Amino acid sequence: MTKAMQALQFKPKSRWREFLGEKLISMNAFLALAAILLIFVFVFKEAIPLFTDPEIRAEAGLDKLLFKQEFYAGREAKWSWQPNSEVPKYSLLPLFLGTLKAALVAMVFAVPLGVGAAIYTSEFSSRRLREIIKPLIETLAAIPSVVLGFFALMVLATWLQNLLGLTFRLNALNAGIALGLAVVPIVFTVAEDAMMSVPRSLRDAAVALGANPWQVSFTTVLPAAAPGIAAGVVLGFGRAVGETMIVLMASGNAAIISLSFLESVRTFSATVAAELAEVVFGSGHYTVLFMIGSLLFLFTFIVNLGGDIALNRLKRRLQGRTT
Amino acid sequence: MKKLAYVGIGMAFSAALLAASGNITVKGSDTLVRLGQRWAEEYMKKNPGVVIQVSGGGTGTGIAALLNGTTDVCQASRDMKEKEYQQAKEKGIAPKRISVALDGIAVFLHESNPVKELSLAQLKGIYTGAISNWKEVGGPDARIVLYGRENNSGTYAFFKEHVLNEEDYSEYTQTLPGTAAVVNAVSKDKNGIGYGGIAWATGVRFAAVKRADDAPAVSPTIETIVNGSYPISRDLYWFFGGNPSGELKKLVNWALSEEGQKLAEAMDYVPLPKDKAMANMIE
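All figures in this text were calculated on a predicted structure; none of them were measured in a lab. (Residues numbered from 1 in each chain as written. Chains lettered and ligands numbered in written order. Predicted model: local features only at pLDDT ≥ 70, side-chain atom pairs only at ≥ 80, totals over all residues. Heavy atoms only, no water.)

1. Some remarks on the overall build of chain A
- Looking only at helices and strands, one finds 14 helices and 2 strands in chain A.
- Relative to the globule expectation of 20 Å for 323 residues, the C-alpha radius of gyration of chain A, 25 Å, shows a markedly less compact shape.
- Principal-axis analysis of the C-alpha atoms gives chain A an extent of 85 × 65 × 40 Å.
- A separation of at least 24 residues holds for 70% of the contacts in chain A among residues at least 6 apart in sequence. (Helix = DSSP H or I, 4+ residues; strand = E, 2+ residues; numbered from the N terminus. Rg over C-alpha atoms; globule rule 2.2 N^0.38 Å. Contact = heavy atoms within 4.5 Å.)

Listed below in structure tokens is the structure:
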């Protein structure tokens, strides 16, 4: 046994020390848990007055958030987000639509790219190439989103405007593509892991039946890894909905009700980021922003949970367990 | 020896006092943040014991911070709203307001835009969405692309109050974080229009503004803003949670002094007329 190995051998000096170490580690774990729980509780607690405080309910009740309102007598009812108006308007629909539009563009852009890259690296590329491509794509995840946002604001917007002759430089398409860049690595990593974890025996069986590499990957590996790929897509969608900085910079932040992807959008997360710093604690506007925060929290939580469950199922399936 | 020790203790004590009293936080308007930083820099150079922290975030942010007690000075590009005064009162704060400089809100157009002047009524029409094509105000047949500030900006609120007469901005207004971003967007968009402090403009043109349709068109310059002939000019304020005293009072009076106002002018802000600056100083 070398000296280095001896140093690594774990021998507790005493029971007392072992006990202390164990307690310290479990305390750490509980602290992390408690922190998450407290954030959860805090965000929700700040949104509660929306349902209980009569003054806030008069200003921003659920009906005002969800349904068309006639804000000025005699003018047509509409959905509008103008929280700093004489008559504050808190319709969530324009923001919801904006969030969905930006995320949708991001997914249309990122899913084919991410899944395609995953299929290539796991099925067709040589091992050496794979070891270059994989870290490279994963580095994309390390680019700060503010850099992606700035790129979309300054460069991408101008390209798109010249290419497509757009009226609005900053729009759902522009923000969505930049968002897509942030989503690609997530989709890629999860999908690639799923395909790599398809057991060798399945591939061998397919090859033994005379399948060529394309047939192996599309008729055997892809279906087997489908839940994992779906999990990657779902996690990517969660990221696209929650991402803040890119949409704040690249989307134009205009709360419009329209189905066009070439007009500006305002998303939930960008709204919270832009407005939370300004509001007075406890006001109606503040409460609505925390309501939006809670919605985003719940949504990403559910999406992540769904992704996790899908991944677990995949693992069990590939290991041949049926329960 | 004993004497020396006393002096030493005395010095340490006064240094501690200075350190304790010389910490000033300044927060708020993005329009004022550059000037606030310049003032702080110069003041700290002259008074090494004082530490001043300056940050932006928008007038609304500054006022919220003042009401929450997390800043000594709130820089503001608009007056506090009735509602905010009410909230201050509820919290037992009597806000004190001092104007520290002037500012004109310029209307930015793309360099190639043939429109030279706009009346206040036309501006209101453009920003509320009633006028949506440049040809309605003497320009080419093209959709007007609106740029504006986020609603925590004092400039947003000022423009809304004085140009839109408190009507809502068109929902097509693209809101950007910071006047620099607005200027940048307009400089790249030939159908764009934006607004913001004159100090920020590069690569864009100012539109001359007419008070009424038959009034003369006035371009925003230091002169037209000081004499009030430019229709969209305003005071830039410092708010305090009460009457400033001690180091804070010294800082305010210095900023209002000839030296402080010269710095403002050098940074492309509009200095206060001398008598007004003197009148604003704290006894």
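Still more ground to cover, so stick around.
2. Notes on the sheet that holds strand 10 (residues 208–210) of chain B
All names here are of chain B.
- Taken in spatial order, the 3 strands make up an open sheet running 5-10-11, and their pairing is mixed. Each end of this open sheet is capped by a strand with a single partner; those strands are strand 5 (117–119) and strand 11 (217–218).
- Most of the contacts of helix 5 (residues 120–128) go to strand 5, to which it runs at about 85°, and overall it touches strand 5 and strand 10. (Pairing = 2+ DSSP bridges. Axes fitted to C-alpha atoms, helices over the stretch in contact; angles between N-to-C directions.)

3. Digging into the environment of G148 of chain B
- By secondary structure assignment, the location of G148 of chain B is in strand 6 (residues 145–149).
- Between the C-alpha atoms of G148 of chain B and P114 of chain B, which are 34 residues apart in sequence, the distance is 21 Å.

4. So, the nonpolar core
- Counting residues in hydrophobic clusters, the biggest one holds 78 residues, and the most contacted among them are I193 and I232 of chain B.
- Top contributing element to this core by residue count: strand 4 (residues 96–109) of chain B, with 9 residues.
- In this view, I232 of chain B contacts D103, G104, I105, V107, L120, L123, F158, V163 and V209 of chain B; residues no more than four positions away in its chain are not counted.
- Within the second largest apolar cluster, 67 residues are counted, among which are A194, M195, V216 and F290 of chain A. (Core = buried A, V, L, I, M, F, W, Y, C linked by side-chain atoms within 4.5 Å. Buried < 20%, exposed > 50% of the residue type's maximum accessible area, 1.4 Å probe, protein only.)

5. With respect to the environment of L262 of chain A
Residue and element names in this part refer to chain A.
- Among the secondary structure elements, L262 is positioned in the loop between helix 12 (245–250) and helix 13 (268–275).
- A C-alpha to C-alpha distance of 6.1 Å links L262 and A172, two positions 90 residues apart in sequence.
- Setting aside residues no more than four positions away along its own chain, L262 makes contact with L166, F168, N171 and L173.

6. Notes on the pattern of salt bridges
- Using the criterion set out here, one finds 27 salt bridges over all chains in the structure.
- In this structure, the salt-bridge partner of R239 of chain A is E243 of chain A, at a minimum N-O distance of 3.1 Å.
- Since its relative accessible area comes to 7%, E243 of chain A is described here as buried.
- Put simply, D79 of chain B and R97 of chain B hold a salt bridge, and the shortest N to O gap is 2.9 Å. Remark: R97 of chain B occurs in strand 4 and D79 of chain B occurs in the loop between strand 3 (73–76) and helix 4 (82–90); sequence separation between them is 18 residues.
- Judged by its relative accessible area of 30%, D79 of chain B falls in the partly exposed class.
- For R97 of chain B, a relative accessible area of 40% gives the class partly exposed.
- A network of salt bridges, in which partner residues are shared, links R130, K134, E192 and D193 of chain A. (Salt bridge = Lys/Arg side-chain N within 4 Å of Asp/Glu carboxyl O.)

7. Structural notes on a nonpolar patch on the surface
- On the surface, a cluster of nonpolar side chains totalling about 560 Å² of accessible area is made up of W16, L20, L24, M27 and L31 of chain A.
- Of note, M27 of chain A is situated in helix 2 (residues 15–47). (Patch = residues over 30% accessible without salt bridge, like charges linked within 9 Å, V, L, I, M, F, W, Y side chains within 5 Å. Areas by Shrake-Rupley, 256 points an atom, 1.4 Å probe, with all protein chains shown as cover.)

8. Digging into the packing of helix 2 (residues 33–46) of chain B against helix 9 (residues 246–256) of chain B
Residue and element names in this part refer to chain B.
- As a packed pair, helix 2 and helix 9 sit with axes 11 Å apart at the nearest point and diverge in direction by 115°. The two elements helix 2 and helix 9 cross, and the hand of that crossing is right-handed. Along its contact with helix 2, which presents W39, E42, Y43 and K46, the element helix 9 presents E247, K250, L251, W254 and A255. (Left-handed = near helix turned anticlockwise from the far one by under 90°.)

9. Observations concerning the packing of helix 11 (residues 213–242) of chain A against helix 14 (residues 284–318) of chain A
All names here are of chain A.
- Here helix 11 crosses helix 14 at 165°, and the two axes come no closer than 8 Å. As judged from the angle between their axes, helix 11 and helix 14 are roughly antiparallel. The handedness of the crossing between helix 11 and helix 14 comes out as left-handed. Residue-level contacts link P223, A224, A225, P227, G228, A231, V234, L235, F237, G238 and V241 of helix 11 to L296, F299, T300, V303, N304, G307, A310, L311, L314, R317 and L318 of helix 14.
- For the contact of helix 11 with helix 14, the class distribution of residues is 16 nonpolar, 5 polar and 1 charged. (Parallel < 35°, antiparallel > 145°, perpendicular 65-115°, else oblique. Nonpolar A, V, L, I, M, F, W, Y, C, P; charged D, E, K, R; others polar.)

10. Notes on helix 2 of chain A
Residues and elements named next belong to chain A.
- Helix length check: helix 2 (33 residues) gives 48 Å between terminal C-alpha atoms against 48 Å at 1.5 Å per residue, within 8%.
- Every buried residue belonging to helix 2 is among V43, E46 and A47, and all of these are buried.
- Elements that come into contact with the buried residues of helix 2 comprise helix 3 (49–52) and helix 14. (Expected span 1.5 Å × (residues − 1).)

11. Notes on the interface of chain B and chain A
- Taken together, the contact pairs 29 residues of chain B with 30 residues of chain A.
- When chain B packs against chain A, the two sides together hide about 2,700 Å² of surface, and 48% of this comes from carbon and sulfur.
- As a salt-bridge pair, K89 of chain A and D168 of chain B come within 2.4 Å of each other at their nearest N and O atoms.
- Taken together, chain B and chain A are joined by 9 residue pairs in polar contact (both at pLDDT 80 or more).
- Listed by contribution, the elements that provide at least two residues to the side of chain B that touches chain A are helix 3 (59–67), strand 6, helix 6 (154–162), strand 7 (174–176) and helix 7 (179–188) of chain B. (Buried area = accessible area lost by both parts, 1.4 Å probe. Polar contact = N/O pair within 3.5 Å; in protein donor to acceptor, adjacent residues only side chain to side chain.)

12. Considerations on the pairing of strand 3 of chain B
Residues and elements named next belong to chain B.
- Taking every second residue as pointing to the same face, both faces of strand 3 are buried, with V73 and Q75 on one and C74 and A76 on the other.
- When strand 1 (residues 23–28) meets strand 3, the two strands line up parallel, connected through 3 bridges. Looking across to strand 3, one finds that V26 is bridged to V73.

13. Quick word on the confidence of the model for chain B
Residue and element names in this part refer to chain B.
- Per-residue confidence for chain B gives a mean pLDDT of 85; residues scoring 70 or more make up 92%.
- The secondary structure element of chain B with the lowest average pLDDT is helix 1 (residues 2–21), at 50, and the one with the highest is helix 5, at 93.
- This model gives residues 11–20 a pLDDT under 50, and the stretch forms 2 contacts once residues within four places in sequence are excluded. (pLDDT = per-residue confidence, 0-100.)

14. So, the side chain of N151 of chain B
- Along the polypeptide, N151 of chain B turns up in the loop between strand 6 and helix 6.
- There is a polar contact of 3.2 Å between the side chain of N151 of chain B and the side chain of E275 of chain A.

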